[in-house]
Amino acid sequence: SEVMNIINENTLTYTKSIGNGHEIKVMGGLTNQKTINQGLTAGATGFSLDLLEDYSLQSGNTPRVPQSSRTEYSILSWLGRVNYSYKDKYLLTASIRADGSSRFGKENKWGYFPSVAAAWRISGEEFWDNLAYSVNDFKLRASWGKTGSTSIAPYQSQAILAGVSTVFDDKVVVGYAPSGIQPNPGLKWETTTQYNIGIDLGLWKNRLSIVADYYYKRTDDLLTSTPLPLSNGYVSVPKNVGSIENKGFEAAINSRIIDNRNVKWELGVNLSANRNKVLSLANDADIFGATLGLPVGIPVNIVRVGQPVGAFYGYIEDGLTENGAINFVDQDHSGSITATDRTIIGNPNPNYILGLTSSVSYKNFTLSFLLSSMQGNDIFNFTYTNIADGFSFGINQIQDVMGNYWTASNPKPNAKYPKISKNTRYLPSDRYIFDGSYIRMRNIQLAYTLKGVSAGKVDLGKSQVYVSAQNLFTITKYPNYSPEVNTVGGGISRGVDQYGYPDARTFLLSGRLSM
């Protein structure tokens, strides 16, 4: 395969200082980007020997049909920006860009995305002079803007023909037929509008610095692929389907706790908390994530109005029946358990994400680490649907099952596992929802710097010898290999552990030579 990007950027900037402290900067430009993807595959089987590897495909007894592909798309952008500042105290920026993409139909190729931002450096005012030693930097910020996304494959707005093989009489011939994607010439830009307010603080000559932001984002005309019934003749259709909001808080705190000749200690904390919610969908119809493998066989992620993106969707259990079977909650009170009894059973999105960094230096030694944490997210443990399920598949079970299941001699209605039976009814339920919160020591390192060391006339003072460890420990209640798992992919189908592989714990002794 081959990917070629052709980028042409043309910008012109004009800067003008006016009077005492006024400065204006104007920028305008035109950019163009074209991307070409090409691929070619060929193969054969039945080689008499493997010495030639893949350099002689014609030597195989059974050649495979070669395949080739090519996609091409481009985007043309006009952009402009004006910056104004007065003595670095009052800052104003306004910009607009017009983007035209070949991925959309001719009526909707262009999107227009303005933005404006303002800031006031309060610490630059004369009335702040008495506070300047304690709070040397204090700035308020606010912004509003729109951005666009073209998150669909090329040619989705056009009818596509694909090569297919068929039989006429007793011969196989190749022809063309519509692809599985129904064209949608009405596709348009996915647009996100964001509001942001923030504060920058520097205290005691920036020994302590704080950056904090609150934001609100609303994304409209979401681009997604929607499944179609087979009777339609197509598999799916790309659509602009609805709106989603994200709002949250982000903060970064950095400090130099100790800063003298022999000892230095720097500490940093990053915190983010985001909440998202689906505001609207086309016809309020649910959108499902990827279909999982057996024994699940259905999607467990859903996009539903009023719920967070990718929420887990399944059945709720209520103990065991008197015969030791799983008792599922009859949500619609129909008297039987059907697909309409599924409901929201979990949320893969975290309440907050935290990062902690520290670096302590004493003379030539430096100890540093990075600690990360995610709290409040759920995981759908697909792996346990095979190794901690209803015992109906003849597969080895986890140790926890031993002695914790229902038996006729000990008929516990609240036993953790149902009776051992090939007739156990399996359904994807809250049984497989686990808390994915964790604290992980992502990296820790002890280094020795060769200060004052030289080899002849070569200064080795910046060279280091160090020992480090990655993923040294993880604190979590999640029972499977790793809580930091997302095996089905991002987007809608998030937070699923489908045979996730354990994270490696790595120890390293090394050196770095700097001259």
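On a predicted model such as this, the values are computed, not experimentally measured, just so you know.

Chemist: Would you mind showing me how to read the side chain of asparagine 377 here?
Modeler: Secondary-structure assignment places asparagine 377 in the loop between β24 (365-375) and β25 (378-381). The residues contacting asparagine 377, other than those within four sequence positions of it, are Asn347, Pro348, Asn349, Pro350, Phe434, Asp435, Gly436 and Ser437.

Chemist: Hey, could you run me through the sheet that holds strand β26 (residues 433-435) in this one?
Modeler: By way of backbone hydrogen bonds, the strands of a sheet pair with one another, either parallel or antiparallel. Spatially, the 3 strands line up as an open sheet ordered β26-β25-β32, and their pairing is mixed. Every interior strand has two partners, whereas the edge strands, β26 and β32 (496-497), have only one. Two elements, β25 and β32, share 2 bridges in a ladder whose sense is parallel. Each bridged residue has a counterpart across the sheet, and for asparagine 381 the counterpart in β32 is aspartate 497.

Chemist: Would you mind going over unusual backbone geometry with me for this structure?
Modeler: Across the chain, the bulk of peptide bonds are trans and the bulk of non-glycine residues have phi less than zero. For the bond running from leucine 294 to proline 295, omega is 10°, close enough to zero to count as cis. Here proline 295 is to be found in the loop between β17 (287-288) and β18 (301-303). Backbone geometry places tryptophan 204, a non-glycine residue, at a positive phi of 50°. As for its position among the elements, tryptophan 204 is in the loop between β11 (190-203) and β12 (208-220). Exposure remark for tryptophan 204: the relative accessible area of 42% places this residue in the partly exposed category. A positive phi angle, near 55°, is found at asparagine 471, a position not held by glycine. Structurally, asparagine 471 can be placed in the loop between β30 (464-470) and β31 (474-476). Residue asparagine 471 is classed as buried on the basis of its relative accessible area, which comes to 17%.

Thresholds applied
- Residues numbered from 1 in each chain as written.
- Predicted model: local features only at pLDDT ≥ 70, side-chain atom pairs only at ≥ 80, totals over all residues.
- Heavy atoms only, no water.
- Helix = DSSP H or I, 4+ residues; strand = E, 2+ residues; numbered from the N terminus.
- Contact = heavy atoms within 4.5 Å.
- Pairing = 2+ DSSP bridges.
- Buried < 20%, exposed > 50% of the residue type's maximum accessible area, 1.4 Å probe, protein only.

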